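Results of the structural survey
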Amino acid sequence: MDRLDAMSLFVATVEAGSLSAAARRAGVPLATVSRKLSELEKHLGTRLLNRSTRRLTLTDPGQFYLIACRRILAEVSEAERTAAGEYSSPTGELVITAPVVFGRLYVLPVITDFLALYPQVDIRLTLSDRITHLVEEHIDLALRIGELPDSAMVAIRVGSIRRIVCASPAYLGMHGTPEKPPELAGHSCITFEGLAAPATWSFGAGKTETAVAVRSRLQVNTAEAAIDAAIGGLGLTKVLSYQADAAVRAGALRVVLEPFEPRPWPVSLVHAGQGRLPVKLRAFLDFAGPRLKERLTRSL
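In this report, the structure presented in the accompanying data block is examined. (Residues numbered from 1 in each chain as written. Predicted model: local features only at pLDDT ≥ 70, side-chain atom pairs only at ≥ 80, totals over all residues. Heavy atoms only, no water.)

Observations concerning the pairing of strand β8 (residues 188–192)
The buried fraction of β8 amounts to 5 of the 5 residues, a majority that puts the element mostly inside the structure. Neither face of β8 is exposed, since Ser 188, Ile 190 and Phe 192 on one face and Cys 189 and Thr 191 on the opposite face are all buried. Sheet topology note: the β8/strand β11 (residues 215–220) ladder contains 5 bridges and is parallel. Paired with Thr 191 across the two strands is Gln 219, which belongs to β11. The sheet contact formed by β8 and strand β12 (residues 236–240) spans 2 bridges and is parallel. (Buried < 20%, exposed > 50% of the residue type's maximum accessible area, 1.4 Å probe, protein only. Helix = DSSP H or I, 4+ residues; strand = E, 2+ residues; numbered from the N terminus. Pairing = 2+ DSSP bridges.)

Here we look at the packing of helix α5 (residues 100–117) against helix α9 (residues 279–298)
Direction vectors running N to C along α5 and α9 enclose 135°, while the axes themselves pass 10 Å from each other. In terms of orientation, α5 lies oblique with respect to α9. Classified by chirality, the crossing of α9 by α5 is right-handed. Only Lys 280, Ala 283, Phe 284, Phe 287, Ala 288, Arg 291, Leu 292, Arg 295 and Leu 296 of α9 make contact with α5, whose side of the interface consists of Phe 102, Leu 105, Tyr 106, Pro 109, Val 110, Ile 111, Asp 113, Phe 114 and Leu 117. Here the residues of the contact of α5 with α9 are counted per class, giving 14 nonpolar, no polar and 4 charged. (Axes fitted to C-alpha atoms, helices over the stretch in contact; angles between N-to-C directions. Parallel < 35°, antiparallel > 145°, perpendicular 65-115°, else oblique. Left-handed = near helix turned anticlockwise from the far one by under 90°. Contact = heavy atoms within 4.5 Å. Nonpolar A, V, L, I, M, F, W, Y, C, P; charged D, E, K, R; others polar.)

Quick look at the packing of helix α7 (residues 223–231) against helix α8 (residues 241–249)
Where α7 meets α8, the closest approach of the two axes is 10 Å, and the angle between their N-to-C directions is 30°. By the angle between their directions, the pair α7 and α8 is classed as roughly parallel. Regarding α7 and α8, the two cross each other, and that crossing is right-handed. Of the residues in α8, those in contact with Ala 223, Ile 227 and Ile 231 of α7 are Gln 243, Ala 244 and Ala 247.

Observations concerning the nonpolar core
Core analysis: the largest hydrophobic core is formed by 29 residues, its most contacted members being Phe 102, Ile 123, Leu 143, Phe 284 and Leu 292. Elements that contribute at least two residues to this core include exactly β3 (92–98), α5, β4 (121–127), β5 (141–145), β6 (154–161), β14 (265–271) and α9. Sorting elements by how many residues they give to this core places α9 first, with 8 residues. If we skip the residues at most four places from it in the chain, Ile 123 touches Leu 94, Ile 96, Ile 111, Phe 114, Leu 115 and Phe 284. Grouped together as the second largest cluster of nonpolar side chains are 16 residues, Ile 190, Val 220, Ile 227 and Val 239 included. (Core = buried A, V, L, I, M, F, W, Y, C linked by side-chain atoms within 4.5 Å.)

Remarks on the pattern of salt bridges
Across all of its chains, the model carries 9 salt bridges by this definition. A salt bridge links Arg 70 to Glu 15; the shortest N-O distance between them is 3.5 Å. Note that Arg 70 is positioned in helix α4 (residues 60–83) and Glu 15 in helix α1 (residues 3–16), a separation of 55 residues in sequence. The residue Arg 162 makes a salt bridge to Glu 261 at a minimum N-O spacing of 2.7 Å. Here the residue Arg 162 occupies a position in the loop between β6 and β7 (163–167), and Glu 261 occupies one in the loop between β13 (254–256) and β14, the gap between them amounting to 99 residues. Classification of Glu 261 by relative accessible area gives buried; the value is 17%. Put simply, Arg 162, Glu 258 and Glu 261 are held in one network by salt bridges that share partners. (Salt bridge = Lys/Arg side-chain N within 4 Å of Asp/Glu carboxyl O.)

Some points on the environment of Asp 228
Relative to the assigned elements, Asp 228 resides in helix α7. Along the backbone, Asp 228 and Thr 177 are 51 residues apart, and their C-alpha atoms lie at a distance of 19 Å.

Things to note about unusual backbone geometry
In this structure, Leu 257 takes a positive phi of about 60° despite not being glycine. Topologically, Leu 257 is positioned in the loop between β13 and β14.

These values are about where atoms sit, not about what they do.
Below, the structure written as structure tokens:
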């Protein structure tokens, strides 16, 4: 039995919450995960997990063993990185995550330039609007949009983005330009469920924040669809500034109600910051930080 492999599957099972989820994460058959966990429990002479049809729970020995496994696996990973030279020169794989549209428009071009400069570094980029757990999912760096909760993570701010309302010149020419948020009641709106509640849009900040009811003629689940519909003249939409930046610059959309926009959201590079940073991560932070700041400064 490969004990390190069994430990990794045990930790993955606890973090994923089920054997099947752990199998998907590890890319192995469910039967393999079940067999290796059984072999591990037989080797230790104790039960680590209480299995039921609804959920998995840790036994008392399992709780202590989980802590030890995480420490041992972290030390092994640290030793491998040191032996591979990750603390002496930029080398190895860097795992990065970012929101889908922002990652494609802003992060990917920076990564392309970085890889050309550092041939010994490989990058695995995951574009997802889901909030990921860096340590549990073995992610080196995440780009986050919005206020960050208090945590042990290290955050480097690289800029900010606005939440804007925009529409096509043709729509505004036909229906008029709203001067104040309450005037949205007389307009057709395209709502994007990933940004705000479909029935209301918020304006202002703090004590001046107000929620305005809007008529949602179309509700979509991606910013791209909302922007396309707005360009087509269907109505006003509320999206993040970087999502509509190209359309606004091209004249296909116009921003309205700027004085009433909520406070901009910060954009941050976030990493675990535990112990010494691998050179590959420090190199990427030094490379990407200024470039993202410059691009965000030039955007809406």
